[in-house]
Amino acid sequence: MKKVLYEELLPEECVQRIKEMPVAYLPLGTLEWHGPHMPLGADGIQSKELFVRVAEKVGGVVLPMLFMGPDRLFDDRGTVFYGMDINTEGALHTYCVQQLKGSAYWMEKELFQNYLRSILAQLSRVGVRIVVGHGHGPSTHAFQELEKEATHIDWDMNAAEKGGYEHFMLKEMHEQPKAVKDTLTPRIKNGDVVIEELGMTDEEIRTISKIFIVACGSAYHTGVTAKYVFEKLARIPVEVDLASEFRYCDPILPENTLVVIVSQSGETADTLAALRLAKEKGVRTLGIVNVVGSSIAREADNVMYTWAGPEIAVATTKAYSTQLIAQYLLAMKFAKVRGTVSQNDFDAMIQSLERLPEQISLLLSHKENVQRFANRYLAAEHVFFIGRGIDYAISMEGSLKLKEISYIHSEAYAAGELKHGTISLIEDGRLVVAVLTQPELYKKTISNIQEVKTRGAFVMAVTTVGNTEVEKVADYVVYLPETNPIFANSLAIIPLQLFGYYVSIGRGLDVDKPRNLAKSVTVE
């Protein structure tokens, strides 16, 4: 194998240099984990210089890659070097070294594993067989060949940098139009929804009698929205469960059940446990994840990727938006196959989906208006969000965004439940955020706004353009572009994300790394 130094090649080109290798042996120890962290200098390699010397000695390759983690350990001062070499026994070894200010650094377990999987996917794509075993060569240990489907990962180093934005969260909010488009485009073909990775025939789709959507946090909120969309379009009963509850409630899963597992990282502990429980009970599972090759992606019967790209900020924005899109498409596919939606309505929904990226961009272009309003509530202690139907699901995510990055106590309530206790908390000056995007529920929510206004609340309303009646009862109104009401969450969430962001930075907080939170919750 020809020697190639790290300066000469990009990763894909490096992979081409090992294309002639019939088998790639990967020591299993590289994938194992001992303790909370693992040194990047695997097999004793602790610096770039030594790493390059090893590559020269064995005739291997060294791949450069900038890797940003949620802890922001790696920036433009350092580079992660990922290497492969062939030892005397003909085994392909892997190394990962972080050189930062002259010393090796450490990488979190999940980041290391995801990075390793991305390299394995590249190897598979060019026909290299991946063999896993204990030890460092085939002569001393038995190896088992793994059959892995090739997966192309379209992320680049620029995705892990701020790109001129003050914070990753702001950057990722502005990346939502592209992320939504990237998730939509491959699955809309000739005016139809095509989800090749679904792995279900039309007949199998018709036999599904119930759907469970299982997730945590923001992903759970997308499931609440999806419940309304599925039941309205496909007329299938849907149950949405928090993964931490689902795994302990001994769920009843009939034979023709589909369990949809939603997770950005694909490593969320409770969600992964819920997936395994569903598989134990013998029902079909579908993972909706963002990280290629993650545990949920590998263990679910089928996986539908959300092409959001790397999301660094702890508070999700673009991953949330793409999870919504994936579930819209899934509901539309089921509705079309089951004949519960007319062709005219289906065509109109396709057009509405295709307009979403541009409409999201329009809302982001007016962020200064939201910032001015947010600056008035930097000292708020309590904020309430209200809505009905899909608007309630939107309110849940808006409330979570505010509380997790600004540390302001915030709660979301179904607007019709205000009179059942919550309204006693409304007093002069209390901020209430009301979401009104569903035409059939519009007047009902107006009535709820009037109830809190008479008790002294200050109301921010988020509604669709043309609903000017709300100006009579609300103090501040954000108008959304017109869209199909079932897709309103994709637009209404934008001003709520911006509101939470600007309140947080106005209070001088670390918006990308809020206290006590982690990007991926890998423990119970």
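### A closer look at the overall build of the protein
For step 1, the next point in the chain: Secondary structure summary: the protein contains 16 helices and 21 strands in total.
For step 2, the next point in the chain: A total of 524 residues make up the protein; the buried ones form 58% of that total.
For step 3, the next point in the chain: Taking as baseline every contact in the protein between residues at least 6 positions apart, the subset at least 24 positions apart corresponds to 73%.
For step 4, the next point in the chain: Approximately 21,800 Å² of the protein is accessible, and the part contributed by carbon and sulfur atoms is 49%.

### As for the pattern of salt bridges
Pairing is possible between side chains of opposite charge, provided their charged atoms come close.
For step 1, the next point in the chain: Summed over all chains, the structure comprises 20 salt bridges.
For step 2, the next point in the chain: The salt bridge partner of Lys453 is Asp475, with a shortest N-O separation of 2.9 Å. With Lys453 in helix H15 (residues 442–453) and Asp475 in the loop between strand E20 (458–464) and strand E21 (476–480), this residue pair connects regions lying 22 residues apart in the sequence.
For step 3, the next point in the chain: The class for Lys453 is partly exposed, based on a relative accessible area of 29%.
For step 4, the next point in the chain: Its relative accessible area of 36% is what places Asp475 among the partly exposed residues.
For step 5, the next point in the chain: Taken together, the salt bridges that share partners define one network made up of Lys171, Glu175 and Lys318.

### Overview of the sheet that holds E20
Sheets are built from strands paired through backbone hydrogen bonds, the pairs being either parallel or antiparallel.
For step 1, the next point in the chain: Across the sheet, 5 strands lie side by side as E18-E17-E19-E20-E21; this open sheet has parallel pairing. Each having just a single partner strand, strand E18 (409–414) and E21 make up the two edges of the open sheet. Pairwise comparison of adjacent strand axes, ignoring direction, gives a mean angle of 15° for this sheet.
For step 2, the next point in the chain: Of the pairings in the sheet, the one linking strand E17 (residues 382–387) to E18 comprises 6 bridges and is parallel in character. Along E18, the bridge assignment pairs Val383 with Ser410.
For step 3, the next point in the chain: Packed on one face of the sheet, helix H13 (residues 367–374) meets strand E19 (431–436), E20 and E21 and runs near 155° to E21.

### Looking at the sheet that holds strand E13 (residues 238–242)
For step 1, the next point in the chain: As summarised here, the arrangement of the 5 strands in space is E13-E12-E14-E15-E16, forming an open sheet in which the pairing is parallel. For this open sheet the edge positions go to E13 and strand E16 (302–305), each flanked by a neighbour on one side alone. Ignoring which end each strand starts from, the neighbouring axes of this sheet average 20° apart.
For step 2, the next point in the chain: Helix-sheet contacts for helix H9 (residues 269–280) involve strand E12 (210–215), strand E14 (257–263) and strand E15 (284–289), and the interaxial angle to E14 is about 165°.
For step 3, the next point in the chain: On top of the sheet, helix H11 (residues 318–338) reaches E12, E14, E15 and E16; it is set at about 160° to E14, its chief contact.

### Notes on the packing of aromatic side chains
For step 1, the next point in the chain: In this structure the tally under the stated criterion is 11 aromatic pairs.
For step 2, the next point in the chain: Here Phe373 and Tyr476 contribute two aromatic rings whose centre-to-centre distance is 4.4 Å and whose plane-to-plane angle is 5°, an arrangement assigned as stacked. One end of the pair, Phe373, is in helix H13; the other, Tyr476, is in strand E21, with 103 residues separating them in the sequence.
For step 3, the next point in the chain: Its relative accessible area of 18% is what places Tyr476 among the buried residues.
For step 4, the next point in the chain: Judged by centre distance (6.0 Å) and plane angle (45°), the ring pair of Phe384 and Tyr413 falls under tilted. Here Phe384 is found in strand E17, whereas its partner Tyr413 is found in strand E18, with 29 residues between them in sequence.
For step 5, the next point in the chain: Owing to a relative accessible area of 3%, Phe384 belongs among the buried residues under this scheme.
For step 6, the next point in the chain: An aromatic cluster is present here, built from Phe373, Tyr377, Phe458, Tyr476 and Phe499 joined pairwise through their rings.

About the thresholds
Residues numbered from 1 in each chain as written. Predicted model: local features only at pLDDT ≥ 70, side-chain atom pairs only at ≥ 80, totals over all residues. Heavy atoms only, no water. Helix = DSSP H or I, 4+ residues; strand = E, 2+ residues; numbered from the N terminus. Buried < 20%, exposed > 50% of the residue type's maximum accessible area, 1.4 Å probe, protein only. Contact = heavy atoms within 4.5 Å. Areas by Shrake-Rupley, 256 points an atom, 1.4 Å probe, with all protein chains shown as cover. Salt bridge = Lys/Arg side-chain N within 4 Å of Asp/Glu carboxyl O. Pairing = 2+ DSSP bridges. Axes fitted to C-alpha atoms, helices over the stretch in contact; angles between N-to-C directions. Phe/Tyr/Trp six-rings, centres within 6.5 Å; stacked < 30°, edge-to-face > 60°.

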